[in-house]
Structure formats: C-alpha cells, structure tokens
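# A look at the structure
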Amino acid sequence: MSERLFAILTDSFWKILLPGLTVTIPLTAIAFSLAMVIAVAAALVQFANVRGLRQLARFYIWVFRGTPLLVQLFVVFYGLPNMGVLIDPFPAAVLVFSLNEGAYCAETVRSALESVPAGQLEAACCVGLSWPQAMGRIVLPQAMRTAFPPLSNSLIAMVKDTSLAANITVAEMFMATQRIVARTYEPLALYIEVGLIYLLFSTALTWLQRWGEKKLGAYERQEA
Amino acid sequence: MLEVRDVRKAFGQREVLKGVDLQVERGDVAVILGPSGSGKTTLLRCMNFLETAGGGTMTFDGERFQLGRVPKRDILRLRKKTAFVFQSYNLFRNRTALQNVTEGLIVGLKIPRDQAERTALQALEKVGMAPWRSYYPHQLSGGQQQRVAIARAIAADPEIIFFDEPTSALDPELTAEVLSVMRRLAEEGMTMLVVTHEMGFARSVSSRVVFMEDGRVVESGSSRDIFENPRQERTRAFLRLTGSLPDNPSSK
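Keep in mind the model is a prediction, meaning the values are calculated, not measured.

Quick look at the side chain of B:Asp28 now. All names here are of chain B. One can find Asp28 in the loop between β2 (14-24) and β3 (29-33). A relative accessible area of 11% places Asp28 in the buried class. A distance of 3.1 Å separates polar atoms of two side chains, one belonging to Asp28 and the other to Ser207. Excluding residues within four positions of it along the chain, Asp28 makes contact with Met190, Thr191, Met192, Ser207 and Arg208.

On to the nonpolar core, then. Within the largest apolar cluster, 101 residues are counted, with the highest numbers of intra-cluster contacts made by A:Phe97, B:Leu2, B:Val7, B:Leu22, B:Leu43, B:Met47 and B:Leu193. Ranked by the residues each element gives to this core, the list is headed by helix α1 (residues 3-47) of chain A, at 15 residues. Setting aside residues up to four positions removed in sequence, B:Leu22 forms contacts with B:Leu2, B:Glu3, B:Val4, B:Ile32, B:Leu43, B:Met47, B:Leu193 and B:Val210. If you look at the next biggest cluster of nonpolar residues, it comprises 50 residues, including B:Ala83, B:Leu170, B:Leu174 and B:Phe201.

The interface of chain A with chain B comprises 24 residues on the first partner and 25 residues on the second. At the boundary of chain A with chain B, total buried surface from both sides reaches about 2300 Å², with 55% on carbon and sulfur atoms. The interface formed by chain A and chain B holds two salt bridges in total. Here A:Arg137 and B:Glu103 are joined by a salt bridge, their closest N and O atoms 2.4 Å apart. Counting across the chain A and chain B interface gives nine residue pairs in polar contact (both at pLDDT 80 or more). Of all the elements in the fold, those that place two or more residues in the side of chain A that touches chain B are α5 (118-126) and α6 (131-161) of chain A. Its residues assigned to classes, the side of chain A that touches chain B shows 12 nonpolar, seven polar and five charged.

With that settled, consider helix α4 (residues 113-126) of chain B. Residue and element names in this part refer to chain B. With 14 residues, α4 extends 20 Å between its outermost C-alpha atoms, agreeing within 8% with the 20 Å of an ideal straight helix rising 1.5 Å per residue. Turning to α4, its buried residues number three or more, namely Ala116, Ala120, Ala123 and Leu124. What you see down the axis of α4 is that its buried residues fit within an arc of 100 degrees, all on one side. Counted as exposed and oriented over 90 degrees from the buried face of α4: Arg118, Gln122 and Glu125. In this fold, the buried residues of α4 make contact with α3 (97-108) and α5 (142-155).

Attention now goes to the confidence of the model for chain B. Predicted confidence across chain B gives a mean pLDDT of 93, with 98% of residues reaching 70 or more. If you check the scores for this complex, the pTM reads 0.89 and the ipTM reads 0.92.

Our next topic: the sheet that holds strand β7 (residues 160-164) of chain B. All names here are of chain B. Strands sit in the order β6-β7-β8-β3-β9-β10 across an open sheet of six strands; the sheet is mixed. This sheet does not close on itself; its edge strands, each paired only once, are β6 (82-85) and β10 (216-222). Averaged over all pairs of adjacent strands, the angle between their axes in this sheet comes to 15 degrees, without regard to strand direction. With six bridges joining them, strand β9 (residues 208-213) and β10 adopt antiparallel strand pairing. Looking at β10, one finds that Val210 is bridged to Ser220. Sitting on the sheet, α5 touches β6 and β7, and the angle it makes with β6 is about 175 degrees.

Scoring rules and cut-offs
Residues numbered from 1 in each chain as written. Chains lettered and ligands numbered in written order. Predicted model: local features only at pLDDT ≥ 70, side-chain atom pairs only at ≥ 80, totals over all residues. Heavy atoms only, no water. Helix = DSSP H or I, 4+ residues; strand = E, 2+ residues; numbered from the N terminus. Buried < 20%, exposed > 50% of the residue type's maximum accessible area, 1.4 Å probe, protein only. Polar contact = N/O pair within 3.5 Å; in protein donor to acceptor, adjacent residues only side chain to side chain. Contact = heavy atoms within 4.5 Å. Core = buried A, V, L, I, M, F, W, Y, C linked by side-chain atoms within 4.5 Å. Buried area = accessible area lost by both parts, 1.4 Å probe. Salt bridge = Lys/Arg side-chain N within 4 Å of Asp/Glu carboxyl O. Nonpolar A, V, L, I, M, F, W, Y, C, P; charged D, E, K, R; others polar. Expected span 1.5 Å × (residues − 1). Arc of directions from axis to C-beta. pLDDT = per-residue confidence, 0-100. Pairing = 2+ DSSP bridges. Axes fitted to C-alpha atoms, helices over the stretch in contact; angles between N-to-C directions.

Following this line, the structure appears as structure tokens:
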C-alpha cells in the first residue's frame with residue numbers, strides 16, 4: 001500500500017467514524033425506538049381487533065412496506081415542501097426511517113403476539129388483571145422475547161439503510177465518505193473502509209443481541 | 001350462590017349449549033360429567049366470561065346479569081371473586097411459581113407486595129409447592145404446574161373455583177397428586193365447580209353432579225342420587241360405560 005493511500009485511510013477513518021457516532025448511531029437509535037412504539041401499537045390494535053384502528057394499521061403497513069425507502073425519503077424531503085411542509089434533513093430521516101421500520105416490525109411483533117398461547121391471556125384475565133395489564137405484564141413480554149431475534153435483524157438492517165439518508169443531505173457516514181472520495185479519488189479503498197465501519201457497527205449489535213437474548217432467556221425453554 | 005339459567009352458546013352454526021341451567025351453593029363441590037363434546041368446558045368458560053354466551057342469565061351473590069351483555073367492568077369485578085384452573089395449567093411462563101401466585105394479588109387485587117408474598121407462600125405450602133417457589137414453569141412437572149395453578153387460584157380467596165378438566169393432561173401418578181390437593185380443598189369447604197372425567201373423584205368428593213350431553217343437562221342432583229339411583233337411561237349408560245355403575249340386568 002502506498003504511503004499516500006495509507007495516510008488517506010487513517011486520516012479518513014476518523015472523519016468517517018465521527019459522523020457515524022454523531023449521526024448514524026443517533027439516527028438509528030431514535031428512529032428504531034420510535035419504530036418500536038409504532039410497531040407495538042400497530043400490532044396491538046390488530047391483535048385486539050380494534051375496529052377502525054385495525055384497518056388503519058393494515059393500510060399503513062401496506063403503504064410503507066410496499067414502496068421503496070428511497071422514494072419515501074424523497075417524497076418527504078423533496079416533495080412535501082411543495083405543500084409548504086419543510087422538514088430539516090435529520091428529522092425528515094428520523095420520520096421516514098421510523099415509519100418504514102415500524103411497518104416491518106409491526107408484522108414481527110404481531111406474529112410474536114399470536115405465538116403466545118391464548119391460555120396466557122386467559123389465565124391473566126382470570127386472576128383479575130384487566131386486558132391492558134394482562135397484555136403489558138404477561139403476553140407482551142413473552143412476545144418480545146420471541147420477537148427479539150428478528151427485531152435485532154431489523155435493527156442491523158436499519159443501521160446500514162441509514163446510508164440512504166445521504167440522498168436527502170443528512171451528513172452521515174456514507175456522505176462523509178463520498179466527500180472524501182471526491183477529494184482524493186480513492187473510491188475503492190474508501191468505500192471498502194466505510195463498509196468495514198458498518199461491519200464494525202453490525203458486529204457490535206450482534207454481540208448486543210446475544211447478550212440481550214441471554215438476559216431475556218431466564219424462562220427460555222418452553223414447555224412441550 | 002351461583003346460578004345460571006338457559007345458557008346458550010353457538011360457534012357459528014354449531015350450537016354447543018342449548019339452554020343449560022346450573023346451580024351451585026356455597027360449600028358445594030359440583031361436578032359436571034358427560035361425554036366429550038357435550039359442552040361442559042364451554043359452559044364453564046361462559047360462566048367466567050372466557051367465552052361470551054349467546055344468551056341466558058347469571059345470578060352471583062344475589063346480583064343478576066344478562067349473559068352476553070355483561071359490561072367489562074362487571075366482568076373484571078366478578079373475576080376477582082372467582083378463580084379458574086385450566087386443563088393446560090396456563091402458568092405465566094415469564095413468572096416464577098411464587099410470582100405466578102402473587103401476580104393477581106398485587107396487580108389485580110392491589111394487595112401490598114410483602115403481604116401478597118406471604119399469602120402466596122401459604123397457598124404454595126398448602127399444595128406442597130413452597131420449595132419450588134422460585135422455579136419457572138418449564139422447570140416443573142405437569143402435576144407440579146397444576147398444583148401451582150391451584151395455589152394461584154386459592155390465594156385470592158375466591159368464592160368459587162372453576163376447574164376445567166384439571167387432570168386430563170396428566171399421567172395417573174400426577175393425577176393422584178392433583179386430586180389429593182383438590183380433595184383437601186373440598187374438605188375445607190371451598191366451593192368448587194369441576195369438569196372432570198375422574199369418576200372416582202366425582203363419586204367420592206362431589207356433593208352435586210350434573211350430567212350433560214349434547215349441550216343440555218340430562219340429569220342433575222346430589223352425588224348419591226346420580227351415582228346410586230340415576231333416573232335417566234342415558235346417565236345410567238354413561239355410568240355403566242365408565243365403570244361407575246354395576247351392570248344391571250333388569251334395566252337392559
């Protein structure tokens with residue numbers, strides 16, 4: 001490796017990692033937290049078969065799963081200003097990523113809710129818990145244990161998808177890389193470098209997932 | 001104390017309960033017998049609102065309810081006075097044995113935690129499960145799980161406990177273990193309504209027997225009347241078939 005390339009790579013490492021820590025991670029963390037709230041809400045209204053809200057949830061999932069993430073970003077950031085709705089890049093990205101991710105995760109949470117035996121909810125109601133108490137204390141915790149691995153999948157996918165936010169001028173890792181490439185003309189090395197940093201983030205999340213599963217697994221083995 | 005009249009329930013086109021009357025007095029151990037598919041379990045579930053009955057009335061502690069049209073808050077209130085033991089135990093899988101018992105006390109009945117834990121421990125002791133208090137359901141045998149489920153039922157000091165085939169998922173040894181717990185409860189005067197196929201238990205413990213078939217009550221009466229002097233031919237046939245009535249040549 002030439003000395004010049006080595007210097008570019010070490011110099012750019014921090015220049016890429018920094019927006020990773022200040023933009024990519026916060027964007028992912030905020031958007032995924034909001035996505036979880038949306039997902040649980042959309043799953044619960046379907047599970048409980050709340051008239052009106054159930055149809056609304058189905059419609060929402062249909063739209064956000066059925067259209068490209070990139071198109072959603074463009075509609076919100078470049079399209080909505082036509083209607084006088086101007087949103088800054090970062091909040092626009094948070095909005096789109098949480099709505100998009102919420103739609104996928106809603107299905108994960110719903111299937112996990114349905115995998116909890118009906119007797120759990122019935123038993124909870126029979127000992128005098130109200131429906132929200134029974135769901136919140138007995139059914140949902142068990143469902144989240146089941147949903148944890150696929151939700152971790154979604155989270156890891158989302159970290160990488162945040163690179164799309166570069167298209168709406170969010171100064172995250174990928175945009176930082178593009179800028180350095182424009183200056184140095186070393187696309188191969190730099191794009192591999194940013195790929196490795198994404199890999200680093202994903203690896204950390206994989207460890208986090210393993211730790212989380214162990215922590216949630218106290219009652220892991222289910223009765224036959 | 002608890003009476004239902006003309007309970008009806010249909011799943012789609014299929015009528016499962018075709019107008020059932022049933023009455024339980026305080027201290028009764030009432031047993032519902034009958035072949036599979038006769039509606040016993042559905043009746044029990046309707047009485048605790050796990051199924052919404054299509055019609056009928058219920059009187060509980062002098063309060064009258066139109067089944068199928070009972071408001072949610074009344075259901076919640078009634079459930080705090082009753083308990084239900086399931087065929088498949090349904091212990092909370094994310095709670096230890098002790099937490100399974102305290103859950104309803106703390107959250108449902110708003111009893112302070114330390115007091116709830118004392119009560120729960122007493123209940124677990126009664127069913128011989130106190131040493132397993134910190135075990136999760138998957139670490140317990142079926143019989144142990146069902147005993148914890150019974151502890152969960154009695155801890156809230158209910159006015160009546162519904163048992164839905166509590167031993168049907170257990171082998172004979174574990175069945176005996178659960179039945180002896182139920183026998184002791186009966187001796188202590190607990191009001192119980194039991195759907196069971198355990199004819200020996202029904203005969204020796206119950207005070208009242210209801211025999212159901214095809215969504216209707218065929219015959220009901222005191223345990224002695226039903227087992228020693230059944231009036232209906234269908235009841236006699238069922239008892240003979242299950243070995244609870246000697247073959248009687250004169251009735252053939």
